[in-house]
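Listed here are the chains, written in short residue letters.
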Amino acid sequence: MGSVKLENLRKTYEPNNVVVRDINLFIPDKEFIVLVGPSGCGKTTTLRMIAGLEEITEGNIYIDERLINNVPPKDRDIAMVFQNYALYPHMNVFENMAFGLKLRKYSKDEIKKRVEKAADILGIKHLLDRKPKALSGGQRQRVALGRAIVRQPKVFLFDEPLSNLDANLRVQMRTEISRLHHQIETTMIYVTHDQIEAMSMGDRIAVMKDGIIHQVDTPLNIYNNPVNKFVASFIGSPTMNFINGVVEYIENYYFSLTNNEFKIRLPERFKEKLSCYKGKELILGIRPEHIYTIDGKSNYVPIEGYVEVIETVGNEMFIYFNLGDNKLVARIPPDNRVKVKQSFNFFFDTDKLHFFDKSTEKAI
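Residues numbered from 1 in each chain as written. Predicted model: local features only at pLDDT ≥ 70, side-chain atom pairs only at ≥ 80, totals over all residues. Heavy atoms only, no water.

Considerations on the packing of helix α2 (residues 93-103) against helix α3 (residues 108-122)
Here comes step 1: The interhelical angle for the contact between α2 and α3, taken along N-to-C directions, is 135 degrees, at an axis separation of 10 Å. The angle between α2 and α3 places the two elements in the oblique class. Along this stretch, α2 crosses α3, giving a crossing that reads as right-handed. In this structure, α2 uses F94, M97, A98, L101 and K102 to contact α3, whose residues at the interface are I111, K112, R114, V115, A118 and A119.
Here comes step 2: The residue inventory of the contact of α2 with α3, partitioned by class, reads 8 nonpolar, no polar and 3 charged. (Axes fitted to C-alpha atoms, helices over the stretch in contact; angles between N-to-C directions. Helix = DSSP H or I, 4+ residues; strand = E, 2+ residues; numbered from the N terminus. Parallel < 35°, antiparallel > 145°, perpendicular 65-115°, else oblique. Left-handed = near helix turned anticlockwise from the far one by under 90°. Contact = heavy atoms within 4.5 Å. Nonpolar A, V, L, I, M, F, W, Y, C, P; charged D, E, K, R; others polar.)

With respect to the pairing of strand β10 (residues 212-217)
Here comes step 1: Bridging between strand β9 (residues 204-209) and β10 involves 5 bridges; their strand directions are antiparallel. Paired with I205 across the bridge in β10 is D217.
Here comes step 2: Counting the residues between successive antiparallel strands, the hairpin from β9 to β10 contains 2 residues, one of them, D210, with a positive phi of roughly 55 degrees. (Pairing = 2+ DSSP bridges.)

Points about the sheet that holds strand β3 (residues 32-36)
Here comes step 1: Across the sheet, which stays open at both edges, the 6 strands sit in the order β6-β7-β8-β3-β9-β10 with mixed pairing between neighbours. Across the chains shown, the open sheet's two edge strands, defined by having one partner strand only, are β6 (78-81) and β10. The mean angle between the axes of side-by-side strands here comes to 15 degrees, regardless of whether they run parallel or antiparallel.
Here comes step 2: Direction of pairing for β3 relative to strand β8 (residues 187-192): parallel, over a ladder of 5 bridges. Paired with I33 across the strands is I189, a residue of β8.
Here comes step 3: Those strands touched by helix α5 (residues 167-184) are β3, β7 (155-159) and β8, and its axis lies near 165 degrees from that of β8.

Thoughts on the packing of aromatic side chains
Both the distance between ring centres and the angle between the ring planes are used here to describe each pair of aromatic rings.
Here comes step 1: Scanning the model with the defined rule gives 10 aromatic pairs in all.
Here comes step 2: Considering the side-chain rings of F242 and F356, the 5.9 Å spacing of their centres and the 65 degrees angle between planes classify their relative orientation as edge-to-face. With F242 in strand β11 (residues 241-250) and F356 in strand β20 (residues 354-357), this pair connects stretches of sequence that are 114 residues apart.
Here comes step 3: For F356, a relative accessible area of 1% puts it in the buried group.
Here comes step 4: Taken together, a centroid distance of 5.0 Å and an interplanar angle of 75 degrees make the contact between F270 and F355 edge-to-face. Highlighted residues: F270 in helix α9 (residues 270-274) and F355 in strand β20, separated in sequence by 85 residues.
Here comes step 5: The class for F270 is buried, based on a relative accessible area of 1%.
Here comes step 6: A connected cluster of aromatic rings, assembled from ring pairs, spans F32, F156, F158 and Y190. (Phe/Tyr/Trp six-rings, centres within 6.5 Å; stacked < 30°, edge-to-face > 60°. Buried < 20%, exposed > 50% of the residue type's maximum accessible area, 1.4 Å probe, protein only.)

As for the layout of surface pockets
Here comes step 1: Estimated volume of the largest pocket: approximately 520 Å³.
Here comes step 2: Among the secondary structure elements, those contributing two or more residues to the lining of the largest pocket are β6, α2 and α4 (137-149).
Here comes step 3: Residues belonging to the lining of the largest pocket are distributed by class as follows: 12 nonpolar, 1 polar and 4 charged.
Here comes step 4: The computed volume of the second largest pocket comes to approximately 210 Å³.
Here comes step 5: Considering each element in turn, the lining of the second largest pocket owes the most residues, 6 residues, to α3.
Here comes step 6: Classifying every residue of the lining of the second largest pocket by side-chain character gives 7 nonpolar, 2 polar and 4 charged. (1 Å grid on protein atoms, 1.4 Å probe; cavity = no way out; pocket = protein on both sides within 12 Å on 5 of 7 lines; lining within 4 Å. Points joined across faces, edges and corners; volume = space filled by probe spheres on them.)

Written as structure tokens, this is what we have:
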């Protein structure tokens, strides 16, 4: 068992430098959870407190209901994989993977058994005699993973382990780590600033900013139902489009910009949700893939925009266009009808609209 519980966890470096703010989080045994957020949000500090590499200012950390606040890192039954691999250059792969087991006085037979099993899982058995300098970045990362696997810990901690790899290797290693999780069925806590890594790997995601967890949920629920504007903007690539506007009532509810550049007629189902915002400013959000260049359904509303830039990336296009003073992006299949420096009718899927309070930025 390897459940982890963070209870009112707080980290302060100076009286006014609060890095982690009263985090409460329960991670069940065998779950793969990702802490994601921009640089400086407190995710790595949180991970290091779990590992015992940072002192806790306030709060408690439990592993399997055992309080570990004052337990030394070596006795917490965790294994950590770092961004920089941290391999010993004078040791070969076998020796690097076996080093921690030797310190713990495991027998030679047990060490050999564990190292070879981990190497087999990671596909690096043929590299056991090589030194780190003879390995590629991806191979070094596999060795770092293998060194953690042989420990057979209750919890794996990953601190941005793929940051030093090129784009193709990152994709490959994401798949490897996900496959590894399903294979060894151990609790994994993974830190990254890359929302694509978070979305593709985690059973759940904890989105952090300014030392606070803003939302914890499955990747799909966070993507479809963000709790606030920050989560909506951070998760998704390209990011969600945002438009400030005022709710008007003319026969039906409309959404209009304050400068009256355009109006979006909203379906009846938004009446109740937005009735208390009549005459008030709020924020409309729509993801790029929910803006279309053809009228396909009754809930699509036409909006005329001026096309500034078109990026073609294989099987899709990113169309950057202006809507009054707003700069938006649509994500569509290749469409030769759209031209740069021309006005074009785009269609918003009103079933996919998001609304946020202007002052609190919370989802409405």
